[in-house]
Amino acid sequence: RFLMINKSLLAVTLLLSILFLLSADTTAQRVRLRSQISPNCGSSSNLKFADIYAEGNTAVMGSYNCRGAFIFNIADADAPTLANWYNPIRTGTASTTEQFLEAIVVNDRGYFGSGNGGGVYIVDLSNPASPQLLGVVNSSNGNAFNSIHEMVVFEQNGATYLIENFNGFSNKLLKVINVTNPATPVFIRDINPTETSWVHAMHIRGNRMFTSGWGTSTTRGRTEIYDISNIGTQTPALLGFIEDPNASVTNGNSMHSSWTSEDGNYLYSAREVGGSAANGPSPGDVRVYNVSNPATPLLVNKVTMNDLGLNAVTPHNPVVKGNKLYVSWYQAGLQVFDISDPATLTRIGQYDTYQTAFFEPAETKTGTLAGEPWDIVCGSVNLQNSVPTGYDGAWAVFPFLGDDRILIGDLASGLYIVDVRQSTSPGKNVVSDFDGDRRTDTAVFTPSSGSWLIEQSSDNALTGTQWGIAEDRVVPGDYDGDGRSDVAIWRPSSGVWWINGSSTGLRVVQFGLNGDEPVAADYDADGRTDIAVWRPSTGVWYVWQSSLGLRILQWGINGDKPISGDFEGDGKADIGVWRPSSGVWYVLPSSSSIPMILQWGTSGDKPVFGDFTGDGKADYAIFRPTDGHWYVLGSAGSLHAIQQFGLAEDVPVPGDYDGDGKADVSVFRPSTNVWYRINSSDGSVWIRQFGNSGDRPTPSSVNPQ
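Calculation notes
- Position labels on residues start from 1 in each chain and follow its written sequence.
- Selection of residues for local features in this predicted model requires a pLDDT of at least 70, selection of side-chain atom pairs for listing and counting requires 80 or more, and totals for whole chains, interfaces and linings are taken over all residues.
- The side-chain figures draw on all heavy atoms in the structure; neither hydrogens nor water molecules are used.
- Labels follow the DSSP assignment, with helices taken as runs of H or I lasting at least four residues and strands as runs of E lasting at least two, numbered in each case from the N terminus.
- Only the protein chains shown count as cover for residues, with accessible areas throughout obtained via the Shrake-Rupley method and a probe of 1.4 Å.
- By definition, disulfides here are pairs of cysteine sulfur atoms that lie within 2.5 Å.
- Exposure categories follow from relative accessible area, calculated using a 1.4 Å probe and restricted to protein chains: below 20% of the type maximum is buried, above 50% is exposed, and the middle band is partly exposed.
- Two strands qualify as a pair provided DSSP detects at least 2 bridges between them.
- Axes, fitted as lines to C-alpha atoms, cover a helix only where it is in contact. Angles between the N-to-C directions of the axes lie from 0 to 180 degrees.
- Any residue with relative accessible area above 30% and no salt bridge may belong to a patch, with like charges joined within 9 Å and the nonpolar Val, Leu, Ile, Met, Phe, Trp and Tyr side chains within 5 Å.
- The working definition used for a salt bridge is a side-chain nitrogen of Lys or Arg within 4 Å of a carboxyl oxygen of Asp or Glu.
- By convention a nonpolar core is built from buried Ala, Val, Leu, Ile, Met, Phe, Trp, Tyr and Cys residues, the set being connected through side-chain atoms within 4.5 Å.
- In this description, contact between two residues means that some pair of their heavy atoms is separated by no more than 4.5 Å.
- We call Phe, Tyr and Trp rings a pair once their centres come within 6.5 Å, taking the six-membered ring for Trp, and we label the pair stacked below 30 degrees between planes, edge-to-face above 60, and tilted otherwise.
- Remark: a charge is flagged as sitting over a ring if the NZ atom of Lys or the CZ atom of Arg is within 6 Å of the ring centre and within 35 degrees of the ring normal.

**Structural notes on the overall build of the chain**
- For the chain, the helix and strand inventory stands at three helices and 52 strands.
- In the form shown here, the chain has an accessible surface area of approximately 25,400 Å², with 50% of it arising from carbon and sulfur atoms.

Below, the structure written as structure tokens:
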């Protein structure tokens, strides 16, 4: 049946959003947060921490506006602990402590490089809780720099070497020092690069070293390739260099750091661009070079934040392990790419560590979102948001402990540990999947008896349990992270959540007040549903993130319909509301400070949750009871479907019932207890009577009530 579509329904009236930035990936992230730890160093700065490195069960993190180095025990990746805050007072001073920008651990030795004049401290970490100083490498002991910005430590021919740069543009030399005996370091040589300005970082693969040249605003920077075989006795030989000649690409390269593919034939180089240039015609990017012949390197690809749909200033550090490229991308957190084809970057996952600084928190902004409709953005100085130009968020990544223990270092919030093993697997079904087969199960709650009846899609087995009373709201979700939806209710009169964990059993939590709306979802991407409520009277969201703790913010006004969904595909549920009076959606994405705002629907419609296109992102969809039509706008901004299916009395219950990764159009008819759906996999219609009079279908719990 063909329909004339009302123009106002299709009008996307505000494009101050990242909705239409088509990214280089086609699947949502499959990166799961395992833990996060942020030591209290007494600083209120957003630039507290620096580099991250690990060996075995010990991780070390450097400092920026904090001081010293942080040593973590990560034997339990789900509950890391701070083993020691190594914060020595510099010898010969009364109180000077070190800004250890660099932190490395190799063979139970920590190498902590000071950016404020203290040299490199070499520390015995065989007992991480009690580090012991072995020696300091500085200008008077090893002819080294006192202030370093980056360094590498490697072994060659039975010796341990340190290569370091200076922490500033005034000196472009690299120093090579034998630190086999930390107490008596031996200066080997200076390397004087042909780079015009400064070498920011060094990467070593086998006997080749790759530098990252910074350049100037008018002079091309150079990324040089050296043969460092027998570095203890032979001067490194320059094999070739990268110098992008086209000024339309960029003036100074600002090559920040780089990493090669496992075979050394490709180089992934991050170009760091901040300030006003970040929003210019040449934003920061990751560039891919074929360096199989170092004398003639070839630029074969580059990816910018615009290509990926990121709201972040610039990439920072790229690291390769196997067929994956990991990039710490400041406000966009960790970005993970498949490089099975080394010249092509296919994003397969991300985890954003940066907490969006959109407006002041908690309940201090009452009335901010009361405008109709566009002064949600334009009417308050607190909501004037654009692409960031400063440096915040993910600074470093360390992937060498295994795919289940990827370390991320965030400037403000410290150490994160994530699991990327499911990065290429289908996503979890969050809609009433009680048997964990990634298919929505047919299930009902009977208020009169408080009983649940579930038909498992994996084997058609019926299961039942008594859980709740008549007033309760059903809130099934995977609260214990085992891949199966748990039977759960929220009791409005007391604000108590009663959760029957499929792996963990009973959990009772008081969270919320009478009049609140439950909005349970996974807001921190740790694989567990978070307890959350939205308070209509104030428009405030209260989210108890299972790994990251309490989050409170205002989003919406009284009369709005709250809806949580992963609209940007980063694995985290985004906070959103739909305004019945105007049909406008307001979504605050978890990985961006730019809201998604568009009109889709009219008064009387019902907003529904679902990924109808199968791209791993929630779509904008409404069910119109007056004529039984579904209108679905895909996450990329294009019309996906208009489908007539249902009657005025029907309850929309979309979910992925057939397991193809797409939400199926489906309704439950209360008068007959009949379920109707259209399977997206083959277009077949499924009809089934399931439930009794007065029953509530549990898949409807993800939709506004």
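After that view, the rundown keeps rolling.
**Some remarks on the state of the cysteines**
- Applying the stated criterion across every chain yields a total of one disulfide.
- Across the disulfide, Cys41 is cross-linked to Cys66 (sulfur-sulfur distance 1.9 Å). Residues Cys41 and Cys66 share a disulfide whose torsion about the S-S bond is about -60 degrees; that sign makes it left-handed. With Cys41 in the loop between strand 1 (32–37) and strand 2 (49–55) and Cys66 in the loop between strand 3 (58–63) and strand 4 (69–73), this pair connects stretches of sequence that are 25 residues apart. The burial state of Cys41 is the same as that of Cys66; both residues are buried.

**Regarding the pairing of strand 28 (residues 414–419)**
- With six of six residues buried, strand 28 lies mostly within the body of the structure.
- Here strand 1 runs beside strand 28; their pairing, made up of five bridges, is antiparallel. Residue pairing in the sheet places Ser35 in a bridge with Ile417 of strand 28.
- Bridge count between strand 27 (residues 406–410) and strand 28: five bridges; the pairing is antiparallel. Looking at strand 28, one finds that Asp410 is bridged to Gly414.
- Here strand 27 folds back onto strand 28, and the loop between the two strands holds three residues.

**Examining the sheet that holds strand 4**
- Taken in spatial order, the four strands line up as 2-3-4-5 in an open sheet, and their pairing is antiparallel. Each end of this open sheet is capped by a strand with a single partner; those strands are strand 2 and strand 5 (81–86). With strand direction ignored, the average angle separating the axes of adjacent strands in the sheet is 20 degrees.
- Pairing of strand 4 with strand 5, which is carried by five bridges, proceeds in the antiparallel orientation. Paired with Asn73 across the two strands is Thr81, which belongs to strand 5.

**Structural notes on a nonpolar patch on the surface**
- Residues Trp498, Leu506 and Val508 make up a contiguous nonpolar surface patch of about 280 Å² in total accessible area.
- Position of Leu506 relative to the elements: it lies in strand 35 (residues 505–510).

**Here's the deal with the sheet that holds strand 20 (residues 285–290)**
- Pairing within the open sheet is antiparallel, and its four strands lie in the order 18-19-20-21. Both outer strands of the open sheet, strand 18 (255–260) and strand 21 (298–304), are each paired with one neighbouring strand and no more. Each neighbouring strand pair of the sheet contributes to a mean axis angle of 20 degrees, computed without reference to strand direction.
- Relative to strand 21, strand 20 is paired through six bridges, and the arrangement is antiparallel. Note on strand 21: the bridge partner recorded for Arg287 is Lys302.

**What about the pattern of salt bridges?**
- Considering all chains together, one arrives at 22 salt bridges under this definition.
- A salt bridge links Arg90 to Glu98; the shortest N-O distance between them is 2.7 Å. Side by side, Arg90 and Glu98 carry an identical accessibility label, which is buried.
- Measuring nitrogen to oxygen at the nearest pair gives 2.8 Å for the salt bridge that ties Asp650 to Arg669. Taken together, the positions of Asp650 in the loop between strand 47 (639–644) and strand 48 (651–652) and Arg669 in strand 49 (residues 665–669) put the pair 19 residues apart, joining distant regions of the chain. The burial state of Asp650 is the same as that of Arg669; both residues are buried.

**Observations concerning the nonpolar core**
- Ranked by internal contacts, the top residues of the largest apolar core, which has 23 residues, are Phe72, Ile74, Leu407 and Leu415.
- Put simply, the parts of the chain that give this core at least two residues each are strand 2, strand 3, strand 4, strand 26 (394–398) and strand 28.
- Considering every element that reaches this core, the biggest residue donor is strand 2, with four residues.
- If we ignore the near neighbours within four places in the chain, the residues touching Leu407 are Ile52, Ala54, Ala59, Ile74, Ala396, Val397, Phe398, Leu401, Leu415, Tyr416 and Ile417.
- Of all hydrophobic cores here, the second largest spans 17 residues; its members include Val303, Leu308, Leu310 and Val327.

**Here's the deal with the pairing of strand 29 (residues 442–446)**
- Where burial is concerned, most of strand 29 is hidden: five out of the five residues are buried.
- Alternating residues of strand 29 divide into Thr442, Val444 and Thr446 and Ala443 and Phe445, and every residue in both groups is buried.
- Pairing of strand 29 with strand 30 (residues 451–455) involves five bridges; the strand directions are antiparallel. Looking across to strand 30, one finds that Thr446 is bridged to Ser451.
- Between the end of strand 29 and the start of strand 30, which pair antiparallel, lie four residues, with Gly450 showing a positive phi angle near 70 degrees.
- Bridging between strand 29 and strand 52 (residues 696–697) involves two bridges; their strand directions are antiparallel. Residue pairing across strands places Val444 opposite Pro697, the latter belonging to strand 52.

**Side note on the packing of aromatic side chains**
- Using the criterion set out here, one finds 28 aromatic pairs in the structure.
- Every member of this aromatic cluster is reached through a ring pair, and the members are Tyr53, Trp259, Phe398 and Phe400.
- Its end group placed over the ring of Phe145, Lys175 keeps NZ or CZ at 5.1 Å from the ring centre.
- The ring of Tyr351 is capped by Lys572, whose NZ or CZ atom sits 4.4 Å from the centre of that ring.

**Focus: the side chain of Ser485**
- Within the secondary structure, Ser485 is located in the loop between strand 32 (473–474) and strand 33 (487–491).
- Overall, the relative accessible area of 5% leaves Ser485 in the buried class.
- Sequence-distant contacts of Ser485, that is, excluding residues within four places in its chain, are made with Ser432, Asp433, Phe434, Gly477 and Asp478.

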